[in-house]
Amino acid sequence: MTIDKTIRRHTIAVIVDNEPGILARVVGMFSGRGYNIESLTVAEVDAHQHLSRITVVTSGTEMIIEQIKNQLGRLVPVHKVADLTSEGPHVERELLLVKVAGVGDHRVECLRIADIFRARVVDSTTESFVFEVTGASEKLSAFISLMEPLGLIEVSRTGVVAIARGSAAIMKRGAGN
Amino acid sequence: MAQQRTAAKAAEPAQRMTGAEIIIKALLDQGVEVMFGYPGGAVLPIYDALFKQNALRHVLVRHEQAAVHSAEGYARSTGKVGVVLVTSGPGATNAVTGLTDALMDSIPVVCLTGQVPTHLIGNDAFQEADTTGITRPCTKHNYLVKDINDLARTMHEAFYVARSGRPGPVVIDLPKDIQFAEGPYEGPANVRHRTYRPQMAADPALIERAIDLIAAAKKPVFYCGGGVINSGPEASELLTQFVRQTGYPCTLTLMGLGAIPASDPLFLGMLGMHGTYQANLAMHEADVMINIGARFDDRITGRLNAFSPNSRKIHVDIDPSSINKNVPVELGIVGDCGTVLKQLIEAWKRRKAKPDGKALKEWWKKIEDWRARDCLRFNQSGDIIKPQHAIKRLYELTRDKAPFITTEVGQHQMWAAQFFGFEKPNHWMTSGGLGTMGYGLPAAIGVQMAHPDKLVVDIAGEASILMNIQELSTAVQHRLPIKIFIVNNQWMGMVRQWQELLHGGRYSESYTEALPDFVKLADAFGCVGLRATKAGELDKVIKEMIKADRPVVVDIHVDKTENCFPMIPSGAAHNEMLLGPADEAKKPVSEEGMVLV
């Protein structure tokens, strides 16, 4: 039996009960077992059933990724684990806020680049801008590196959220009662 | 949010009672007869409710760690959930070792911990600890009850989680104000867990593929473990039936001993680091491995890249995360061992599968040659008692009573596993995964509570026993006639053995100076104390021990230098075992091996 040792990046969606400690449980499993978290986002997505969706980007060999999914699956409050990377095409998006400070030509250059990236200016003073950009993580990183020489002083990113393409849903939503 | 989960839509109004009363009622409705605990400020309302009833018995331990081990012993010898009640802060932190032990060995335990009142949580109150935070990684699941309306459901859910799927410990943290508050009670029938539904039966297509593999095997081996025991006694019977149907050899892990009768000629003995020569070599040379309820632990596999290199592997486990964790397998089957065994037996019969008789005969010839090496032999001569001899005699003199055996951790534990034959499941309680010294005495208390008329022996080392020696007092108070059989070599034997093998014989801190006089110590606690220092005294002392209807401490002075063999040194493969002291010098341990534990 040959074992694939290539390390790959996987985006995993986990649907969990929105209860106290659930995030600690998930994060603790990753740190306790020595797995890697590249990004993690969490928010309630189904108010009727009190379900949260955790999107975690991790990397590892095929065996490790399988293990991560199984370890997530055995946590009692976990409803569903979906490996978006291996289960077909999906969309990944991240939101970025960057603060750029400066005066003069730099400000003009900033706005030009922002325009190319379809970034929105969400705050502006005479010596600063805050830009909002949405897109794939690589696009956000590219934007950051272009802004770096133009007076970038602060970055805030959400981490990846992702969803599978097509008409199927990860699980049935609560009807509410 | 959680309140909404309450499934109860009963027509009649729910009974109302205090939190403490709800706890006791829920325990009784779950069929709990006995619990192990220690009172303290944050659980006084529960102890008060306990005082006002007679149905539920409580065993007062002397340390909270022991309460959990006792509950484990109770659970392992009965198949029921063990129950623990401890106070907040130090009560809970003391329980952590026991909880971790139960997690590693998949033992169903529900541990109730007191907590400071909800309005004080997070204020560094007296005897406050973040119990759910501390126990999150050492429990299967845990709860903090902050609303009295959630209490009854949480209690029932905890029992369901503890015993279902791969069993494990569950903590319920109970703030004191919740214990006083009044709320509704609902019975277990109304509570259904929202998500947790472990898969019991295997995918039938996988069963067919398994039968294909099993029937085609030329050098097969069954490798089975604690999952079979945890699945219930019926699973052990089914395993025995299937093994006999195929005529294939079967080896068991430390956790699996008793799953098939030790006296069955198809049984090769335990495998792994201190397993038998025939079991380990059969694993190494097998062409088809049928793993049922074992988890490819590092004590079993030895060096992973040399582990059973040519076998096609089938792995049955109720926990999907056990499959392909350490060892990649060809056929992973998720399901309960008993249920899957039933499916396998049914498919084997339906397809009229037959093993390859000629190949099997040759395979058995090979195995019998290995068995003929008699890897467990030792030389008992003269006055000095060999530790193996002590345990062998204990086995021979008690086997007609089908005793329950618990152990501490170390050389004596491995010798017990090697020399004690178990004909039935649930008679062998040992700390396998965590390797907790101090496990055996409290575990024996739990076993004896469940089986008051049976012989319960803790095979101990003189170092381990001192880790929970205070529990002798518990045994005396509750009139539990447990027998503590100390194999006393004055060393932490397994530590000394490794120092001899790996650290040039520099015996750093592994000799116990100033050991107590165990006979006087037994006397001081109100137990019977016995001692044997010469081979000739051994049988008499064992017989006297069996006869006593009180707790007994037996101090057997054994050979101080004896090492535990056979042994697969860390970092070595199954076919690189050391069979005895003469092998040690020939096969020095590799550097990679030294860093392993």
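Residue indices follow the written sequence of each chain, beginning from 1 at its first position. Chain labels run from A onward and ligand labels from 1 onward, assigned in the order the entries are written. The predicted nature of this model means local features are confined to residues of pLDDT at least 70 and side-chain atom pairs, given and counted, to a pLDDT of 80 or more, with totals for whole chains, interfaces and linings taken over all residues. By convention in this description, side-chain values take in all heavy atoms of the structure and omit both hydrogens and water.

**Quick look at the domain arrangement of chain A**
All names here are of chain A. An automatic or database domain assignment provides the domain bounds reported here. With domains assigned, chain A is organised as domain 1 (8-88) and domain 2 (91-161). Put simply, the middle of domain 1 and the middle of domain 2, counted by C-alpha atoms, are 29 Å apart. In this complex, domain 1 contributes 7 residues to the contact, which on the side of domain 2 involves 6 residues. Reported buried area values correspond to the accessible surface (1.4 Å probe) lost by two parts on association, with both partners' losses combined. Roughly 440 Å² of surface becomes buried between domain 1 and domain 2 when both sides are summed, with 48% attributable to carbon and sulfur atoms. By the criterion of area lost to domain 2, the three top residues of domain 1 are Arg9, Thr41 and Thr55, representing 63% of everything that side buries. Within this document, salt bridges are pairs made up of a side-chain nitrogen of Lys or Arg and a carboxyl oxygen of Asp or Glu, the two lying within 4 Å of each other. At the boundary of domain 1 with domain 2, the tally comes to 1 salt bridge. Note on definitions: a residue-residue contact is assigned when non-hydrogen atoms from the two residues lie within 4.5 Å.

**Observations concerning the sheet that holds strand E12 (residues 288-292) of chain B**
Residues and elements named next belong to chain B. For two strands to be treated as a pair, DSSP must find at least two bridges joining them. Segments assigned H or I by DSSP are reported as helices when at least four residues long, segments assigned E as strands when at least two residues long, and all are numbered from the N terminus. Spatial ordering of the open sheet is given by E11-E10-E9-E12-E13-E14, a layout of 6 strands whose pairing is parallel. Two strands bound the open sheet, and with one partner strand each, they are strand E11 (267-270) and strand E14 (331-334). On average, adjacent strands in this sheet sit at an angle of 15° to one another, irrespective of strand direction. Two strands pair when backbone bridges link them, and strand E10 (residues 250-252) and E11 are joined in this way by 2 bridges, in the parallel orientation. Every axis corresponds to a line fitted to the C-alpha atoms, with the helix fit spanning only the stretch in contact, and the corresponding angles, defined between N-to-C directions, vary from 0 to 180 degrees.

**Observations concerning the packing of helix H1 (residues 19-29) of chain B against helix H2 (residues 44-51) of chain B**
Relative orientation and spacing of two packed helices are given, respectively, by the angle between their axes and the distance between those axes. All names here are of chain B. Running from amino to carboxyl end, H1 crosses H2 at an angle of 55°, the nearest separation of the two axes being 8 Å. Of the possible angle classes, the one that applies to H1 and H2 is oblique. The two elements H1 and H2 meet at a crossing, and its hand is right-handed. For the pair H1 and H2, the contacting residues are Ala20, Glu21, Ile23 and Ile24 in the first and Pro45, Ile46, Ala49 and Leu50 in the second. We call two directions roughly parallel when the angle between them is under 35 degrees, roughly antiparallel when it is over 145, roughly perpendicular when it lies between 65 and 115, and oblique otherwise. Each helix crossing is assigned a hand: it is left-handed if the near helix lies turned anticlockwise from the far helix by less than a right angle, otherwise right-handed if that turn is clockwise.

**Some points on the packing of aromatic side chains**
All names here are of chain B. Any pair of Phe, Tyr and Trp rings, taking the six-membered ring for Trp, is counted once the centres come within 6.5 Å. Such a pair is stacked with planes under 30 degrees apart, edge-to-face with planes over 60 apart, and tilted for the rest. Tallied over the entire structure, the rule returns 18 aromatic pairs over all chains. A centroid spacing of 5.9 Å and a plane angle of 90° characterise the contact between Trp363 and Trp370, whose relative ring orientation is edge-to-face. Accessibility here uses a 1.4 Å probe with only protein chains present; expressed as a share of the type maximum, an area under 20% marks a residue as buried, one over 50% as exposed, and anything in between as partly exposed. On the accessibility criterion, Trp363 (1% relative accessible area) is buried. Each ring, one from Trp491 and one from Tyr507, has its centre 5.3 Å from the other, and the planes form 70°; the classification is edge-to-face. Here Tyr507 lies in the loop between helix H19 (493-502) and helix H20 (518-525) and Trp491 lies in the loop between strand E18 (483-488) and H19, a separation of 16 residues in the sequence. Relative accessible area serves as the criterion here: at 18%, Trp491 is assigned to the buried category. Judged by relative accessible area, which is 34%, Tyr507 ranks as partly exposed.

**Describing the interface of chain B and chain A**
Taken together, the 24 residues of chain B in the interface contact 22 residues of chain A. Where chain B meets chain A, there are 2 salt bridges. With a closest N to O distance of 2.3 Å, Asp17 of chain A and Arg194 of chain B form a salt bridge. Here the nonpolar group is Ala, Val, Leu, Ile, Met, Phe, Trp, Tyr, Cys and Pro; Asp, Glu, Lys and Arg are the charged ones; every other residue, Gly included, is treated as polar. For the side of chain B that touches chain A, a count of residues per class yields 8 nonpolar, 8 polar and 8 charged.

**With respect to the confidence of the model for chain B**
On average, residues of chain B score 95 in pLDDT, and 97% of them reach the 70 mark or higher. Low pLDDT, under 50, characterises residues 1-11 of chain B; the stretch is placed with 20 contacts to residues that sit more than four places away or in other chains. Across the chain, each position has a pLDDT score giving the predictor's confidence in that residue, from 0 to 100.

**A few points about H20 of chain B**
Residue and element names in this part refer to chain B. Among all positions in H20, only Phe518, Leu521 and Ala522 are buried. Along the axis of H20, the buried residues cluster in a sector spanning 100°; they form a single face. Looking at H20, the residues exposed on the side facing more than 90 degrees away from the buried face are Lys520, Asp523 and Ala524. A 3.5 Å cut-off defines polar contacts: any pair of N or O atoms within that distance qualifies, except that in protein one atom must be a possible hydrogen donor and the other a possible acceptor, and neighbouring residues in sequence count only when both atoms are side-chain atoms. In this structure Asp517 caps H20, since a side-chain oxygen of it lies 3.0 Å from the backbone nitrogen of Val519. Two residues or fewer past H20, Gly526 is found with a positive phi of approximately 90°. An arc is given here, and it is the one of the directions from the helix axis to the C-beta atoms.

**Focus: the environment of Met17 of chain B**
Residue and element names in this part refer to chain B. With respect to the secondary-structure elements, Met17 resides in strand E1 (residues 15-18). With relative accessibility at 10%, the residue Met17 sits in the buried group. A C-alpha to C-alpha distance of 6.4 Å links Met17 and Pro184, two positions 167 residues apart in sequence. Met17 has contacts with Ile22, Lys25, Ala181, Glu182, Gly183 and Tyr185, leaving out every residue within four places of it along the chain.

**Description of the state of the cysteines**
Residue and element names in this part refer to chain B. Note that a disulfide, as used here, is simply two cysteine sulfur atoms within 2.5 Å. Considering all chains together, one arrives at 0 disulfides over all chains under this definition. Not part of a disulfide, Cys564 finds its nearest cysteine sulfur in Cys375, a span of 11 Å. The class for Cys564 is buried, based on a relative accessible area of 0%.

**A look at the nonpolar core**
All names here are of chain B. In terms of nonpolar packing, the biggest core is built from 116 residues, with Phe222, Leu239, Ile292, Phe485 and Ile556 touching the most fellow members. Here Leu239 is in contact with Phe222, Cys224, Val228, Leu252, Ala259, Ile260, Ile292 and Leu341, once residues within four sequence places are set aside. Put simply, a nonpolar core is a bunch of buried Ala, Val, Leu, Ile, Met, Phe, Trp, Tyr and Cys residues held in one set by side-chain atoms that sit within 4.5 Å of each other. Of all hydrophobic cores here, the second largest spans 43 residues; its members include Cys111, Met449, Leu521 and Val553.

**Some words on unusual backbone geometry**
All names here are of chain B. Here the bond from Phe565 into Pro566 is cis, since omega is -5°, no more than 30 degrees from zero. Within the element layout of this structure, Pro566 appears in the loop between strand E20 (552-557) and helix H22 (581-586). Despite not being glycine, Ser308 shows a phi value in the positive range, around 35°. With respect to the element layout, Ser308 can be found in the loop between helix H12 (298-301) and strand E13 (312-317). Phi is positive for Asp374, close to 50°, though the residue is something other than glycine. With respect to the element layout, Asp374 can be found in the loop between helix H14 (357-371) and helix H15 (387-398).

**Quick look at the sheet that holds strand E3 (residues 51-60) of chain A**
In any sheet, the strands associate via hydrogen bonds between backbone groups, in a parallel or an antiparallel arrangement. Residue and element names in this part refer to chain A. Spatially, 4 strands are ordered E2-E3-E1-E4 in an open sheet, and the strand pairing comes out antiparallel. If you trace the sheet from one side to the other, it starts and ends with strand E2 (39-46) and strand E4 (78-83), each paired once. Ignoring strand direction, the axes of neighbouring strands in this sheet form an average angle of 20°. Contacts from helix H2 (residues 62-73) reach strand E1 (8-17), E3 and E4, with the element oriented near 160° to E4.

**Re the pairing of strand E4 (residues 82-86) of chain B**
All names here are of chain B. Summarising burial for E4: 5 of the 5 residues are buried, a large majority. In E4, alternate side chains face the same way, and those of Gly82, Val84 and Val86 on one face and Val83 and Leu85 on the other are all buried. Taken together, the 2 bridges between strand E2 (residues 34-37) and E4 define a ladder with parallel strand orientation. Its bridge partner being in E4, Phe36 is matched across the sheet by Val84. Of the pairings in the sheet, the one linking E4 to strand E5 (residues 109-115) comprises 5 bridges and is parallel in character. By the bridge assignment for E5, Val86 is matched with Thr113. We call a crossover right-handed when, viewed with both strands directed away from the observer, the connection leading from the first strand over the helix to the second proceeds clockwise. For the crossover that starts at E4, traverses helix H4 (residues 90-104) and ends in the parallel E5, the hand is right-handed.

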